[in-house]
Amino acid sequence: MIQYIIRRLLATIPVLLIVTFIVFTLMFMAPGDPIYLLVDVEQTDGLTEVQMDALRHELGLDRPLIVQYGDWLWHALQGDLGTSIRGGRQVSDMLKSAFPVSMELALLSIVFALVIAIPIGIYAALKPNSFGDLLGTSLAIGGISAPNFWVALLLVYLFAVKLSLLPSSGFVRFSEDIPANLERMVLPVITLGIGLMASVMRMTRSGMLEVMHQDYIRTARAKGAKEGRVVFKHAFRNAMLPVLTIIGLQFGALLGGAVVIEQIFSLPGMGRLGLDAIFIRDFPVVQGVVLVITLSYLTVNLVVDLLYGLLDPRIRVS
Amino acid sequence: MANKQQPLLQVNDLHTYFYTEDGVVKAVDGVNFHVSRGEVLGLVGESGSGKSVTSLSIMRLIGPPGKIVSGEILFDGKPLQTMSEKEMVHIRGDAVSMIFQQPQSSLNPVYTTGDQVAEVFKLHSKMDGAEIDTRTTEMFRMVGIPDPAQKVKAYPHEMSGGQAQRVMIAMGLALSPKLLIADEPTTALDVTIQAQILDLIRNLKEQLETAVILITHDLGVIAEMADRVAVMYAGQIVEQAPVETLFAQPKHPYTQGLLASIPVLGTVKDRLDAIPGAVPNLVDLPPGCHFAARCSARIEYGLDICRHKEPDLLQVGANQEAKCWLYQSDGDHVAPLAGVAPVEKPKAASDPAPVAPAEVHAQRTTRTTTAKTLLDVKKLRKYYPVRGGVMRRVMANVKAVDGVSFTIRAGETLGLVGESGCGKSTIGRTILRLQEPTDGSVQFDGQDVFSMSRQELKGLRRDMQIVLQDPYASLNPRKQIGQSIADGLKVHNIGTAKERKDIIIDMLRKVGLEDYHALRYPHEFSGGQRQRIGIARALALNPKFIVCDEPVSALDVSIQSQVLNLLNDLQDEFDLTYLFVAHDLSVVEHISDRVAIMYLGKMVELASRDDLFRNPLHPYTQSLMSAVPIPDPTLKKERIILKGDVPSPLSPPTGCRFHTRCPLAVDRCKMEEPPFEEKRPDHFAACWEVS
Amino acid sequence: MTAQTMSNAGDPAPPETVRESRKRSNRTGYRYFLRRLFRRILPRIGAVIVVLFLIGAVFAPLLTPYDPIVPDYEAVRQPPSSAHWMGTDDLGRDLYTRILYGGRISIFAAFIPLLISSSIGVTLGLIAGTVRGPVETIIMRVMDALLSIPSILLMIVIAGLLGPNLINALIAIGIVGVARYARIVYAETLSVAEREYVLATRALGKSTAGILFQEILPNVTAPIIVIASLSIGGIILAEATLSFLGLGIQPPTPSWGSMVATGNRYLQLAPWMSLAPGAAIFLMVMAVNFLGDGVRDALDPYLSGKM
């Protein structure tokens, strides 16, 4: 087990290297002088070409790309992700304050999605091609198809503008005031959770459908188990295995969706941080955000795989 | 009713249909039978005959799109077909239980096997937890699982197929049911394990006085286990009789054909009598007898009625019933064999009607031993590395083939037999270099195969071909079969397009297909036809040598004999040499000139067919032969039942690999590996106890 | 009847089998595919909606009297009425008109990323699955890495860095989709390569390239078609999202995503401005997904290898 975790952790290293290198390369392939990616425009205003060259040399921009990447990596390994070109804050500090916001959003969305999707998915699988199944399938496809920024606007319009039930924006930290924080999280969580809900619903349905045709389900029936027991004891645990996998895979989409959602609901999370940084081409921040989000995605998938091992004894041995 | 007391189970006019997109599949179409208390009823038939659907109907386990349309199922006098699901739940697993073909997939992978057996007690008794645990362990002991107290904690994937089937039996017999339905319980198992399981079922059924419905396609298993037999064909029972009567005097032409078409261990025939054609599609059956299209007796007696009207299942002898117009009259139709029936064997039984007028009856005796050596295999090894650990290093090797030497002479068939995992298929593929060998050498026609370059190897492919096991997987689904057959010709630039076309047509005719089949796609053919196509593809290059890798093991018995006959005919016509890899001893005995037996990557015995089967030297060969069920209920042979399972090829036992299961093993066998040496003239074996 | 049976009485197939074959042979071809596709209700609904949107986009000038770009300051932010039945935007332009024209971008632009991702992805997947060795490792590691960055984030980064315009947005969406095709094609290639018919052609002496193009490629097309049809909805959505964030097509050209973004600013005053174009995206994507789902179900027998 320990060996497995070590191997998985080691396997994340090349992935992280490739990811950061890709982003690094992109930054330098982008049109425009890379110097503006590292230095605030105000500082370079009025500098002569000679002075600019000197600055470039000072920043190491005249070195080959791979050397510059190595340099960034060396600092990153020591926890130094550089400073933002706007305001000069430490990137790591900015990430530290944004990370919990995004995580709260993502985790609550998962809970919301599972609570709704699994029962509906099971129902649809047990009555395939029924009206309820058709409705469930339509809902699921609808959930995947709805643009989340539009859903966000619909919900805001309905609950904040029309009904005045919930605040539409503003943010209170979880550590400061829990009820106020949760109140403001309701709409973002629903918006973000809908896509995952749809995927989980479909996966639960197809997983259940497949499991219900397995030989061991026939065995369970043949030994006299009632249908409820067949479904919830014999089929459910097996059908949840692919659902677990999909949660891991969809966690990435969740983090991506958070970029848009945080923007709309003005939540100071990592997505918003990254998006703002993209627009002002704040390279150190963009790189930091991509790194942390990728790392979270890989970590969640490692946890999912470990959970998988707990649920499925076949995986435990190998 | 023949029995004075009421039968345990009475099935009357059962119809179970499946409503599919392609139409209504009449899987069970009017079935009548009964099971008496404590008896074993064998339900025999080929795939698609409806035997499994019949059993699931009894359990009321037919799910959509299937439905029991009509009929009556009386169990202990109670009608099951009208019972509510709530009542049915109390019958299943308690009074009637069932075991299935694939024991490992029939167990839930996420729960321990002990828990799954214990569940039966939980569902049907009021025992407390401790008592259930005791009873579960007791059941494990009863079905012969070693170390039961530990094994109850094992998960299904940690068990071998044989052990998993023992767990299924423990589950089925936990509450001493009145009826056990065993649906092909040993089909997925190796023959030595099959012998163990059949033995177990036989003993436990005596002990618990349970009646058994044994469903199988294997007439040998039927002969060994059943008291009475019902033969199913295309959704109906065509014949019913006590086991001795059925094998001695089969009445229905299908039963007769089936019995004549199977190779029987110890009885060498030159040629098997094949039933022509294939099982019909159950969607839109023509009127009349379901077997009419394949029936040679119908032609022999010129019966017209078979095509129009279905016969009834009627008494034709003492306790014997058959569903055939040969024995019954109707309107103008006079039964040709009606009066003759019980005493005289119908003509077709001893001498079945000729199936193909133009058939070549080659006299096949074992070929001369003086022919030159075509293939010389020396010390062949094939290991598969197993990686593990943080760095994925090679941790161990699966020694699939571990130092095997043999020769094949030109024009002969060498049969290579062994249980699953013994390395027999690997040998075939490695000889052709479809897999790279680990060590050893192969000389083919004087050339060293393993040192050949890519280009030389390509040339060799013309002379060495392979026919594979799975007729569904071995043809590209996207290619017309003509293209598949022409593939080899194109690769080797043989002939013009026109000439290739002629070769394709020639090949199709040679394997018994028609010209127009060339433009069809694989899914349009039945399993037997696809296997013919696979043979045509191998044959198109006009090879000298063909590896036949389990070519008939995926086929129904009536189709199997067609393909075996075809392989025989082609060998004579094209002077072919075969390496025939199989797990079925009877098939190998039928087709081979010499036979080699393998166990765990090693060859244990090699001799001419007659020597090997009349006078097996190696204890493994002996036990293998005694484990094969013989389709003759009068034969009461003494059985050697091997203990335990085949050890893992990852860490094979030291010394002689067979010593852990060998009845003759002595201390020396555990230490030293016996040499593979000539014990009698031309008869090789590897055993310390054989001099 | 008897004569015919006699001639067939040998080993060849008797009449039953022939009839059976004929019955099964109509299971090939694209007519059979279409019949399977439209046997369910959802793909049918999807097809109707997609066709309506396509007609709307192609014949937009014939279907509306208004211009999609020229402002009309007399009619700013009007709610839905008989003259403007979806209302007007902050510059007085008719929303229905802009949605029709916006469809041109949103629908037709979807094919560029589709081509980019499928061509690159399929090639890489095939190479990795056939060549094996270090090439395989490198390609698949890079694909793993691409897949571990959330796709929207990666698109934003690429599109943001290349500069906000439609082409860059489409390139970004295309690149991000590559890994998905590569993964599936790679896995399928490996699994097809294990099948017995590939073994059989190797035994005939066929070269690696021959096996790749004649045996493997035709048998991985079904999964490729399935991913493609399932990904179109996602592409439309991604384009809309990038436009919403201001990283896609720039004003004044109408696109559904940017229309929602503009509407966002007037949510309290003129909710129709964001609701109507958003509904268009939703409907269109859902319709495409209904179809994609149907395609997957219809190709299922191909996927399971039964055909």
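A. Spotlight on the sheet that holds strand β12 (residues 320-322) of chain B. Residue and element names in this part refer to chain B. In space, the 8 strands of this open sheet follow the order β6-β7-β8-β3-β9-β10-β12-β11, with mixed pairing throughout. Either end of the sheet is taken by a strand with one partner, and the two such strands are β6 (96-99) and β11 (314-317). Direction aside, the axes of adjacent strands within the sheet are offset by 25° on average. Relative to strand β9 (residues 228-233), strand β3 (residues 40-44) runs parallel, the two sharing 4 bridges. Each residue of the ladder has a partner; that of Gly42, found in β9, is Val229. On top of the sheet, helix α6 (residues 161-173) reaches β6 and β7 (179-183); it is set at about 175° to β6, its chief contact. Sheet strands in contact with helix α10 (residues 253-261) are β9 and β10 (236-242), and its direction is about 100° off that of β9.

B. Summary view of the interface of chain B and chain A. At the junction of the two partners, chain B supplies 29 residues and chain A supplies 25 residues. Taking both sides of the interface into account, the surface hidden between chain B and chain A amounts to around 2,600 Å²; carbon and sulfur atoms contribute 59%. Counting every contact that joins chain B to chain A gives 2 salt bridges. As a salt-bridge pair, Lys223 of chain A and Glu119 of chain B come within 2.8 Å of each other at their nearest N and O atoms.

C. Spatial organisation of the side chain of Asp376 of chain B. Residue and element names in this part refer to chain B. Looking at the secondary structure, you find Asp376 in strand β13 (residues 373-388). At 3.0 Å, the side chain of Asp376 forms a polar contact with the side chain of Lys378. Each residue touching Asp376, except ones within four places of it in the same chain, is listed here: Phe406, Thr407, Ser441, Val442 and Gln443.

D. Main features of the state of the cysteines. Residue and element names in this part refer to chain B. All told, the structure shown has 0 disulfides over all chains when counted by the stated rule. In this structure Cys548 is not part of a disulfide, and its nearest cysteine sulfur, from Cys422, lies 16 Å away. Take Cys548: its relative accessible area is 0%, and that puts it in the buried class. Summary of cysteine pairing: Cys687 is not part of a disulfide, and the nearest cysteine sulfur, belonging to Cys662, is at 6.0 Å. Residue classification places Cys687 among the buried positions, given a relative accessible area of 8%.

E. Inspection of the pattern of salt bridges at higher detail. A full pass over the atoms with the stated rule returns 56 salt bridges over all chains. The shortest N-O distance in the salt bridge between Arg229 of chain A and Glu119 of chain B comes to 2.5 Å. One end of the pair, Arg229 of chain A, is in helix α11 (residues 227-265); the other, Glu119 of chain B, is in helix α3 (residues 113-124), on a second chain. Overall, Glu119 of chain B belongs to the buried group, its relative accessible area being 1%. Asp549 of chain B serves as the salt-bridge partner of Arg429 of chain B, at 3.2 Å between the closest nitrogen and oxygen. Of the two residues, Arg429 of chain B sits in helix α13 (residues 424-431) while Asp549 of chain B sits in strand β19 (residues 545-549), which places them 120 residues apart along the sequence. As far as the burial class goes, Arg429 of chain B and Asp549 of chain B line up, both buried. By sharing partners, the salt bridges in this structure join Arg202 of chain A together with Asp293, Arg296 and Asp297 of chain C into a single network.

F. Representation of a nonpolar patch on the surface in the model. Residues and elements named next belong to chain C. A cluster of nonpolar residues, Val48, Val51, Leu52, Leu54, Ile55, Val58, Phe59, Leu62, Leu63, Phe108 and Phe111, forms a patch on the protein surface that exposes about 1,000 Å² of accessible area. If you list the elements that add at least two residues to the nonpolar patch, you get α4 (41-58) and α5 (60-63). Top element by residues in the nonpolar patch is α4. It accounts for 6 residues.

G. Highlighting the environment of Glu436 of chain B. All names here are of chain B. If you trace the backbone, Glu436 turns up in the loop between α13 and β16 (439-444). As a C-alpha pair, Glu436 and Lys122 span 314 residues in sequence and 53 Å in three-dimensional space. Every residue in contact with Glu436, bar those within four places of it in the chain, is listed here: Lys382 and Thr430. Here the side chain of Glu436 touches Arg433 through a polar contact of 3.3 Å, side chain to side chain.

H. Structural view of helix α9 (residues 151-162) of chain C. Residues and elements named next belong to chain C. Helix length check: α9, at 12 residues, gives a terminal C-alpha distance of 16 Å against a target of 16 Å (1.5 Å per residue), a fit within 8%. Within α9, 10 of the 12 residues are buried, which leaves it mostly tucked inside the rest of the structure. Turning to α9, its buried residues are Ile152, Leu153, Leu154, Met155, Ile156, Val157, Ile158, Ala159, Gly160 and Leu161. The positive-phi residue at the C-terminal boundary of α9 is Gly163, with phi of around 110°.

I. Geometry of the sheet that holds strand β20 (residues 577-582) of chain B. Residue and element names in this part refer to chain B. A sheet is described by the order of its strands in space; here 8 strands give the open sequence β18-β19-β20-β15-β21-β22-β24-β23, paired in mixed fashion. Among the strands making up the open sheet, the edge pair consists of β18 (464-467) and β23 (677-680). The sheet shows a mean angle of 25° between the axes of neighbouring strands, direction not considered. Note: strand β15 (residues 413-417) against β20, 5 bridges, orientation parallel. For Leu414, the partnering residue across the bridge sits in β20 and is Leu579. Those strands touched by α13 are β15, β18, β19, β20 and β21 (594-599), and its axis lies near 150° from that of β20.

J. Unusual backbone geometry, seen in detail. Note the cis peptide between Pro64 of chain B and Pro65 of chain B, where omega equals 5°. Note on placement: Pro65 of chain B falls in the loop between α1 (51-58) and β4 (66-75). Note the cis peptide between Pro251 of chain C and Pro252 of chain C, where omega equals 10°. The topology assignment puts Pro252 of chain C in the loop between α12 (208-244) and α13 (256-264). Unlike most non-glycine residues, Ser176 of chain B shows phi in positive territory, near 45°. Relative to the elements of secondary structure, Ser176 of chain B occurs in the loop between α6 and β7. Notably, Asn319 of chain B is not glycine yet its phi reads approximately 60°, a positive angle. With respect to the secondary-structure elements, Asn319 of chain B resides in the loop between β11 and β12.

K. Focus on the packing of helix α6 (residues 91-126) of chain A against helix α12 (residues 270-279) of chain A. All names here are of chain A. Across the interface, α6 lies against α12 with an axial gap of 7 Å and an inter-helix angle of 130°. As the angle between them shows, α6 and α12 are arranged oblique. Residues Met94, Leu95, Ala98, Phe99 and Ser102 of α6 touch α12, and the partners they reach there are Met270, Gly271 and Leu273. Per-class residue counts for the contact of α6 with α12 are 6 nonpolar, 2 polar and no charged.

L. Region of interest: the packing of aromatic side chains. One pass over the structure, following the stated rule, counts 16 aromatic pairs over all chains. Considering the side-chain rings of Phe149 of chain A and Phe244 of chain C, the 4.3 Å spacing of their centres and the 15° angle between planes classify their relative orientation as stacked. With Phe149 of chain A in helix α8 (residues 148-162) and Phe244 of chain C in helix α12, this pair bridges two chains. Relative accessible area serves as the criterion here: at 0%, Phe149 of chain A is assigned to the buried category. Residue class for Phe244 of chain C comes out buried when judged on its relative accessible area of 9%. Of note, Arg237 of chain A hangs over the ring of Tyr111 of chain B, and the distance from its end group to the ring centre comes to 5.3 Å. Its guanidinium or amino end placed over the ring of Trp688 of chain B, Arg668 of chain B lies 3.6 Å from that ring's centre, counting from NZ or CZ.

The rules behind the values
Residues numbered from 1 in each chain as written. Chains lettered and ligands numbered in written order. Predicted model: local features only at pLDDT ≥ 70, side-chain atom pairs only at ≥ 80, totals over all residues. Heavy atoms only, no water. Pairing = 2+ DSSP bridges. Helix = DSSP H or I, 4+ residues; strand = E, 2+ residues; numbered from the N terminus. Axes fitted to C-alpha atoms, helices over the stretch in contact; angles between N-to-C directions. Contact = heavy atoms within 4.5 Å. Buried area = accessible area lost by both parts, 1.4 Å probe. Salt bridge = Lys/Arg side-chain N within 4 Å of Asp/Glu carboxyl O. Polar contact = N/O pair within 3.5 Å; in protein donor to acceptor, adjacent residues only side chain to side chain. Disulfide = S-S within 2.5 Å. Buried < 20%, exposed > 50% of the residue type's maximum accessible area, 1.4 Å probe, protein only. Patch = residues over 30% accessible without salt bridge, like charges linked within 9 Å, V, L, I, M, F, W, Y side chains within 5 Å. Areas by Shrake-Rupley, 256 points an atom, 1.4 Å probe, with all protein chains shown as cover. Expected span 1.5 Å × (residues − 1). Parallel < 35°, antiparallel > 145°, perpendicular 65-115°, else oblique. Nonpolar A, V, L, I, M, F, W, Y, C, P; charged D, E, K, R; others polar. Phe/Tyr/Trp six-rings, centres within 6.5 Å; stacked < 30°, edge-to-face > 60°. Lys NZ or Arg CZ within 6 Å of the ring centre and 35° of its normal.

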